[in-house]
Amino acid sequence: MKNWKTKFTIFFLSFIISVTAVEFGLRYLIKKTNLPRIYHDVAEYNLSDRESAGKSDYYRDRSMEIYGGKEPLEILCIGDSFTNGGNTFWDNSYPYKLYLKFNKKVTVRNLGVCASTTEQIATRLEDFYKSDQYSPEKKYVIAVMAGSADVFAGSELVQKISALNISKEQKWVEMNQKNDSFLSQFYFYKVVTLLTQDIKNRIDKVDSVTEQVTFSNQELSACHSAKTSKERVDCLVKTLKMESYKKLSQGSKEYLIIRFLLEKKAFKSSEVTEVIRDFMGLVEYQPQLLERDYLVMNLLGLVKLQDIVSFEELKAAIEKNSSRIAPEAQKVNQELISNASYWYDNLEKLNGERDIYWKKIFTLAREHNSSIVVMNYPLPYQSTNGYLQTLAKKEGSEFIDVEKIFTLHQKGSDVLLDDWEHCSPEGYDLIAQTLYDKIELMSQERKGK
């Protein structure tokens, strides 16, 4: 008995010593090496309730990523899901790819938060300069891509829906921080949780791809060759009723329908119109699509941002089928429609508000001796992209026409874009390369002076 107790004591003490050693080792490595780190000093605010939101953990962003380098130059990539790296793993985001292109010598911060409005981005930049993360001795370049989320500015729903688009790395951070336990204070626990979650995410992704492999079948792909929206919808519905598709879960069928819609990348107004009409036809077959609030939001935003006339058509289809979905989903869709309608009807006024927040961004940059690179969006967000190009010219700022670069690139937009609002890894890499070239050129021009 005594021997058993001795062995247990030795084992327990050895375990404690080992974990402690690993903990201190991790803290040292994270401090001394260029591992991506997370900090929590910058608040993410709800526009409608600034005071309480500033105190609420729900609205505080927990996913600001730092990719550390040793050179005095630091790059702040700030924006919404295009910067955050939505719909992909954190190491596919353009800020991390930019960090790699600088051979990990330059510090890059990913200050992108899904569904951020221009006001929220300006506030986040201001909070960064006030935080102890800012160093006056460093040189800063601010890369800004902002404005697409303004279509739903002020909607608390966007804060909730944006969680669906957040990157896999940041999902882990969100999950971990909500569990404010004693163990969550230790790096050992965080790293084990991160690795476990990351492995699970990658396995789930493989399983999902395996299950959805039928999407590449000729029967389903052939539906795109149909000439009219009705023919495409009839073809898809008929295909999904085939024996080989019956074994799929309801969620998988919805996934296939969404991917079918996404096959039309909707780069042109005519293609957007086709997507909207296909969606309306598919809703008749699968009304539960209207309960996918992120899908409804993306469709509404896409229509508005591309400034085309099919908004009323989409709105009518959503309202027509609302009685067939859950009351909670009806309420969500109605608020999304209301916000999108307001944006369209008050675009001139909202551009005036954008001017205020952009002035704040440029003022902060000048006060802190920082350079700004304004970038527009890969997708043809006509009103937003046009506004950003005009703004950069007026302010004399560096500008990257990402939309034009994507349009002219030899790989084509199908390869560079993953869906209506996110890039593929290749697309994020192209943004990173373009920004890298711009910053290198800016550096050479400064040396020339």
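Residues take numbers from 1 onward in each chain, read along the sequence in its written order. It should be noted that, the model being predicted, local features are given only for residues of pLDDT at least 70 and side-chain atom pairs only at 80 or more, the latter also being counted only at that level, while totals for whole chains, interfaces and linings use all residues. To get the side-chain values, take all heavy atoms of the structure and skip hydrogens and water.

Novice: What is the right way to read the overall build of the chain from this model?
Specialist: Each helix corresponds to a stretch of at least 4 residues labelled H or I by DSSP, and each strand to a stretch of at least 2 residues labelled E; elements are numbered beginning at the N terminus. If you tally the helices and strands in the chain, you get 21 helices and 7 strands. Here a residue-residue contact requires only that any non-hydrogen atoms of the pair lie within 4.5 Å. Sequence-distant contacts in the chain: of pairs separated by 6 or more residues, those separated by 24 or more amount to 76%. Accessibility throughout is a Shrake-Rupley quantity obtained with a 1.4 Å probe, and a residue counts as covered only by protein chains that appear here. With the model as given, the accessible surface of the chain reaches about 22000 Å², and the carbon-plus-sulfur share is 54%.

Novice: Explain helix H15 (residues 311–320) here, please?
Specialist: A turn of α-helix holds 3.6 residues, and therefore any two residues three or four places apart point the same way. Accessible area is worked out with a 1.4 Å probe on protein chains only. A residue is then buried under 20% of its type maximum, exposed over 50%, and partly exposed in between. Taken together, the buried positions of H15 are Phe311, Leu314, Ala317 and Ile318. An end-on view of H15 places all buried positions within 130° of arc, on one side of the element. Note that the arc is computed from the directions linking the helix axis to the C-beta atoms.

Novice: Explain the confidence of the model for the chain to me, please; I cannot follow it from the model alone.
Specialist: Detailed reading of the predicted model is not advised wherever pLDDT is low. pLDDT is defined as a per-residue confidence score from the predictor, taking values between 0 and 100. With 71% of its residues at a pLDDT of at least 70, the chain reaches an overall mean of 76. Under a pLDDT of 50 for its full length, residues 154–180 has, in the predicted model, 76 contacts with residues more than four places off or in other chains. Segment residues 206–216: pLDDT under 50, and 17 contacts once partners within four positions in sequence are set aside and those in other chains are kept.

Novice: Looking at this structure, how should I read the pairing of strand S5 (residues 139–145)?
Specialist: In summary, the side chains of a regular strand alternate between the two faces of the sheet. When you tally the buried positions in S5, you get 6 out of 7 residues, the bulk of the element. Two strands pair when backbone bridges link them, and strand S3 (residues 73–79) and S5 are joined in this way by 7 bridges, in the parallel orientation. Bridging from a neighbouring strand, Ile78 pairs with Val144 of S5. Pairing geometry for S5 and strand S6 (residues 370–375), over 5 bridges, is parallel. The partner of Ile142 across the bridge, within S6, is Ile372. At least two bridges found by DSSP between two strands is the condition for calling them paired.

Novice: Explain the state of the cysteines here, please?
Specialist: A disulfide bridge is the covalent bond that connects two cysteines by way of their sulfur atoms. Pairs of cysteine sulfur atoms within 2.5 Å are what we label disulfides. Inspection of the entire model under this criterion finds 1 disulfide. Put simply, Cys223 and Cys235 are joined by a disulfide, and their sulfur atoms are 2.1 Å apart. Linking Cys223 and Cys235, the disulfide has an S-S dihedral of approximately -75° and is accordingly described as left-handed. A residue pair is termed long-range when its members are at least 10 positions apart, and Cys223 in the loop between helix H9 (218–221) and helix H10 (229–240) and Cys235 in helix H10 qualify at 12 residues. Since its relative accessible area comes to 0%, Cys223 is described here as buried. By relative accessible area, which is 23% here, Cys235 ends up partly exposed.

Novice: Could you clarify how one ought to interpret a nonpolar patch on the surface in this entry?
Specialist: Together, Trp4, Phe8, Phe11, Phe12, Leu13, Phe15, Ile16 and Ile17 make up a nonpolar patch on the protein surface, roughly 910 Å² of accessible area in all. Along the polypeptide, Phe12 turns up in helix H1 (residues 2–32). The residues that make up patches have over 30% relative accessible area and no salt bridge, and they are joined within 9 Å when like-charged or within 5 Å when they are Val, Leu, Ile, Met, Phe, Trp or Tyr. Salt bridges are defined by distance alone: a side-chain nitrogen of Lys or Arg within 4 Å of a carboxyl oxygen of Asp or Glu.

Novice: I tried to follow the pattern of salt bridges on my own but got confused; where do I start?
Specialist: Oppositely charged side chains may form a pair once their charged atoms are brought near each other. Tallied over the full model, the rule gives 13 salt bridges. Two residues, Arg277 and Glu313, come together in a salt bridge whose shortest N-O distance is 3.1 Å. Residue Arg277 is located in helix H13 (residues 269–285), and its partner Glu313 is located in helix H15; the two are separated by 36 residues in the primary sequence. Note on Arg277: relative accessible area 43%, which makes it partly exposed. Across the pair Glu395 and Arg366 runs a salt bridge, and its minimum N-O distance is 2.8 Å. Of this pair, Glu395 sits in helix H18 (residues 382–395) while Arg366 sits in helix H17 (residues 347–367); the two residues are 29 residues apart in sequence, bridging distant segments of the chain. Residue Arg366 is classed as exposed on the basis of its relative accessible area, which comes to 54%.

Novice: Got a minute to help me understand the packing of helix H5 (residues 118–130) against H17 in this structure?
Specialist: When two helices pack together, their arrangement is given by the angle between the helix axes and by the axis-to-axis distance. Interaxial angle, 0 to 180 degrees, is taken between N-to-C directions of lines fitted to C-alpha atoms, where a helix line uses only the stretch in contact. In contact at an axis separation of 9 Å, H5 and H17 are set at 20° when each is read in the N-to-C sense. With respect to H17, the axis of H5 lies roughly parallel. Between H5 and H17 the crossing geometry is left-handed. Across the interface between the two elements, Thr118, Glu119, Ile121, Ala122, Thr123, Leu125, Glu126 and Tyr129 from H5 touch Arg354, Tyr357, Trp358, Lys360, Ile361, Leu364 and Ala365 from H17. Throughout this entry, Asp, Glu, Lys and Arg are counted as charged residues, while Ala, Val, Leu, Ile, Met, Phe, Trp, Tyr, Cys and Pro are counted as nonpolar. The remaining residues, Gly among them, count as polar. Taken together, the residues of the contact of H5 with H17 break down into 9 nonpolar, 2 polar and 4 charged. Each angle receives one of four descriptions, namely roughly parallel if under 35 degrees, roughly antiparallel if over 145, roughly perpendicular if within 65 to 115, and oblique otherwise. Each crossing gets its handedness from the near helix: less than a right angle anticlockwise from the far helix is left-handed, clockwise is right-handed.

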